[in-house]
Amino acid sequence: MSPSVVGMQDLGLLDLPLDELVALAAERRDRAHGRRVTWSPKVFVPLTTLCRDRCGYCTFAQPPTRASAPYLSSEQVLDIAQAGAAAGCHEALFTLGERPELRYPVAQEWLHAHGHETTVDYLVAMCALVLTETGLLPHANAGALYPDELARLRSVSASQGMMLESLRGDLVAHAGAPDKAPERRLATLEAAGELAVPFTTGILVGIGESRGDRIAALEAIAESHHRHGHVQEVIVQNFRPKAGTAMHRATPCPPDELAWTVAAARLVLPVDIHLQAPPNLSDDFGALLDAGIDDWGGVSPITPDHVNPERPWPEVERLRAATEDRGFTLAARLTVYPDHAGEPARWLDPALRFPVLDRSDAEGLARDHPWHAGGEVAPPSVVPDTVAETSSRRWSGRAAVGEVLDAVVAGHEVGEDEIVTLFSARGPEVRAVAEVANRLRAETVGEDVTWVANRNINYTNVCTFKCRFCAFSKGPLSLNLRGAPYLLSIEEIQARVVEALAQGATEVCLQGGIHPDFDGDYYVRVTRAVTEVAPTVHVHGFTALEVTEGARRLDEPLEAYLRRLAEAGLKTLPGTAAEILDDEVRAVLCPDKVDTEQWLEAHRTAHRVGLRSNVTIMFGSVERPRHWARHLVRTRALQRETGGFTEFVPLPFVHMASPIYLQRRSRRGPTFREALLMHSVGRIAYRGHIDHIQVSWVKMGREGSRQALAAGADDLGGTLMDENISRAAGASHGQRMTEERFGEWIAPLGRRLVQRTTLYQPVMGNHAPGGHQATLQPAAR
């Protein structure tokens, strides 16, 4: 027997009291999967209710005389799928009878009339239709299939499934069902593994089998999974008798027997297999959680459970309440689980890789809201954004997030693993992380919300570097925002600086592409030209890439080059070009750009010559939370060394016109939960090192920015006259902000709006609302 498979007899568990068995199962679940329970927002597509099998418990299968048509038409299938997509579903679950054309001539005639030989042929076509037209991820639950059929479905579905049910070959329930023969089911399970199909299977409890029979079936599943790694989840489904079936007088599966079987499955199966029990078939959700499940399966907001129509799906909020009542968080997932989605080259057909990626969050779970950075859709309400709303909610110390927060409150500095844990927060945990971060914000910088009056001057969009995410640099027209290649003259740059000063700007931010004609002295000339016409303006300019490349082109040491820029009038460097400070990610996003150590060294050198800078992170494209954590830890270490960073600026990836997204190689930016957590976790991780957390209003929008300010952020950044880079990527939140509009945005928070300088000093003559002179906390070290 495989070392990953545990026999119940070997462990002496068959005779354990139920409460002890359940406790062992729950402990094993918690060690493997933590306190998160998943579910799949799905739409149920009953492609055909005709079936050649006659199972003693089934009401789904019907004869042709009781069906309005042998199969759903393609129009009906698409209508159901489109309704599901509009309702926020991610999965299209195709359920159907097995091979009805072998029993009913009407099924064969219908298929031939519509250009198909078999039911599986039609299923393949409908999966492809739904995937192409709606983006929903098909899950094909077509029963016992042959390898060629599984292979064809793999090209149009993200996952497949078949209930093993039982390996008992003499069950009365299966007497009229040739496709339920154990050897047929096992062959399908094995073929799915050989073909690398992410697979769902399971057992039925209470159809005449014994406990030993169930264990045998579970051990067979475990053995197949050990060989191939393909079993995503196992369903433990309790039998309920239905009127009109041969087993209508049979005894339903007792709740204790279901609990015993769930616990046994958790102990027998490998820990990486997820365990599910259908919530609509039980009245006590808590008992199922106690027994060891970590998934509720698919729940549809618009279609019934056609297999168990007498048992409606529970409302998601009821499911959420029951889950949280037991100390778990509820998270939506895709039909393909994160472990398999995270290895697309192995588990997904090329045609499915982008559709899965497009619906994924950074952990490989489902995007939980249509919000995206820079778009028009308002974010969900995650944290309170008005003074009147307060919370006395406490987090659960049983969960990993709660344990980390307890340590943070006690003064502990979070490390990489703990940061990853905080980024995993879901549901009420997100609010708990935000509350701790907001408390640290108040302790660190008080109640002021700051902003700076500035102008962006992007002097050229011509660039020799090939950053795969950049929609600003010279290239094909995109969303009518990028336009033709350009290079501003020195005189035009000066004119824009003078115009900015006339409108009250205290800072100009200089950034652009790396033009092939630039030598390193170009940046020195631009800086001198700005200070010539505006000696008092703060020149904030030139990324780590620009200064590193400028020094390289002159064959000049970086430190000497930065000193010349400082003498010319440069005051601070922006932290952009950081993207994700992890070379594994940079190899995908910007392989020819400065690497992680070069970025850190550029800022280390700038700090050494007296130039301050900030930390940015562009997140939500291809990286994972582990990469975010490394980014925070590496920049914190540099801040501990130099003290030169003034603020941390999360920059959610804006996907709409980004080349890497248009090439179907990235996600569509972070979810709002992830964007909010980046501000909160940044506040927690940088405590005592970087005092200010800035929200990018261009990317987060009004409501998103306000929630970020209630979740640890304290700064709105600049008014950004002529911001072009985010807009080139498709952002729609505008190019210029005013003090009055900023004030309207933050009014519900009840905090003071204060104009600052680039280095977080108050602008003379600025007053907060109410007529009180504004004061600011010192800038970060």
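Before any of the text, the structure's been laid out above.
Report follows, based on the coordinates.

About the cut-offs
Residues numbered from 1 in each chain as written. Predicted model: local features only at pLDDT ≥ 70, side-chain atom pairs only at ≥ 80, totals over all residues. Heavy atoms only, no water. Helix = DSSP H or I, 4+ residues; strand = E, 2+ residues; numbered from the N terminus. Rg over C-alpha atoms; globule rule 2.2 N^0.38 Å. Buried < 20%, exposed > 50% of the residue type's maximum accessible area, 1.4 Å probe, protein only. Lys, Arg positive; Asp, Glu negative; His and termini not counted. Charge placed at Lys NZ, Arg CZ, Asp CG, Glu CD. Polar contact = N/O pair within 3.5 Å; in protein donor to acceptor, adjacent residues only side chain to side chain. Contact = heavy atoms within 4.5 Å. Pairing = 2+ DSSP bridges. Expected span 1.5 Å × (residues − 1). Axes fitted to C-alpha atoms, helices over the stretch in contact; angles between N-to-C directions. Parallel < 35°, antiparallel > 145°, perpendicular 65-115°, else oblique. Left-handed = near helix turned anticlockwise from the far one by under 90°. Salt bridge = Lys/Arg side-chain N within 4 Å of Asp/Glu carboxyl O.

1. Side note on the overall build of the protein chain
- Regarding its fold elements, the protein chain presents 29 helices and 19 strands.
- Since a compact globule built from 781 residues should have a radius of gyration of about 28 Å, the 30 Å found for the protein chain is in line with a globular shape.
- With respect to the three principal axes, the spread of C-alpha positions in the protein chain is 95 × 55 × 50 Å.
- A buried classification covers 61% of the 781 residues belonging to the protein chain.
- Taking the average location of the 81 positive side-chain charges in the protein chain and that of its 99 negative ones, the two points are 2 Å from each other.

2. Thoughts on the side chain of Glu165
- Relative to the helices and strands, Glu165 resides in the loop between β4 (159-161) and α7 (182-194).
- Judged by relative accessible area, which is 8%, Glu165 ranks as buried.
- Within polar-contact distance, the side chain of Glu165 engages the side chain of Tyr57 at 2.4 Å.

3. What about the environment of Ala710?
- Within the fold, Ala710 resides in the loop between α27 (697-709) and β18 (715-718).
- Taking the relative accessible area as the measure of exposure, Ala710 reaches 12% and is therefore buried.
- Those residues in contact with Ala710 that sit more than four places away from it in its chain are Val383, Pro384, Ala434, Asn438, Leu749 and Arg751.

4. Quick notes on the pairing of strand β1 (residues 36-48)
- For β1, the buried fraction is high: 13 of the 13 residues fall into the buried class.
- As judged from the 4 bridges shared by β1 and strand β9 (residues 329-332), these two strands associate in the parallel manner. The residue of β9 that forms the bridge with Trp39 is Ala332.
- Across 6 bridges, the pairing between β1 and strand β2 (residues 91-96) is parallel. Its bridge partner lying in β2, Lys42 is registered against Glu91.

5. So, helix α24 (residues 625-642)
- With 18 residues, α24 extends 26 Å from end C-alpha to end C-alpha; this agrees with the ideal 26 Å at 1.5 Å per step.
- Looking only at α24, the buried set comprises Pro625, His627, Trp628, Ala629, His631, Leu632, Thr635, Arg636, Leu638 and Gln639.
- Following α24 by one or two positions, Gly643 adopts a phi angle in the positive range, close to 70°.

6. A word on the packing of helix α2 (residues 18-33) against helix α9 (residues 255-268)
- Interhelical geometry of α2 versus α9 gives an angle of 45° and a closest axis separation of 8 Å. Judged by the inter-axis angle, α2 sits oblique to α9. The interaxial crossing formed by α2 with α9 has left-handed handedness. Judged by residue contacts, Leu18, Leu21, Val22, Leu24, Ala25, Arg28, Arg29 and His33 of α2 engage Asp256, Ala259, Trp260, Ala263, Ala264, Arg266 and Leu267 from α9.

7. Structural notes on the pattern of salt bridges
- Scanning the entire structure with this criterion turns up 58 salt bridges.
- For Lys180, the salt bridge is made with Glu165, and the minimal N-O distance between the two is 2.9 Å. Separated by 15 residues along the polypeptide, Lys180 in the loop between β4 and α7 and Glu165 in the loop between β4 and α7 bring together distant segments of the chain. Pair check on accessibility: Lys180 and Glu165 agree, each one buried.
- For Glu190, the salt bridge goes to Arg227, with nearest N and O atoms at 2.9 Å. On the criterion of sequence distance, the pair formed by Glu190 in helix α7 and Arg227 in helix α8 (residues 211-228) is long-range, its members being 37 residues apart.
- Judged by relative accessible area, Glu190 falls into the buried class, the value being 18%.
- Looking at Arg227, the relative accessible area reads 48%, which means it is partly exposed.
- Among the ionic contacts, a cluster of salt bridges with common partners joins Glu416, Asp417, Asp582, Glu584, Arg626, Arg630 and Arg634.

8. Observations regarding the sheet that holds strand β10 (residues 448-452)
- The strand order β18-β10-β19 describes an open sheet built from 3 strands, whose pairing is parallel. For this open sheet the edge positions go to β18 and β19 (752-755), each flanked by a neighbour on one side alone. Ignoring which end each strand starts from, the neighbouring axes of this sheet average 20° apart.
- Relative to β19, β10 runs parallel, the two being bridged by 4 bridges. Counterpart to Asp448 in the pairing with β19 is Arg752.
- Contacts from α27 reach β10 and β18, with the element oriented near 160° to β18.
- Strands β10, β18 and β19 of the sheet are contacted by helix α29 (residues 739-746), whose axis makes an angle of about 150° with β19.

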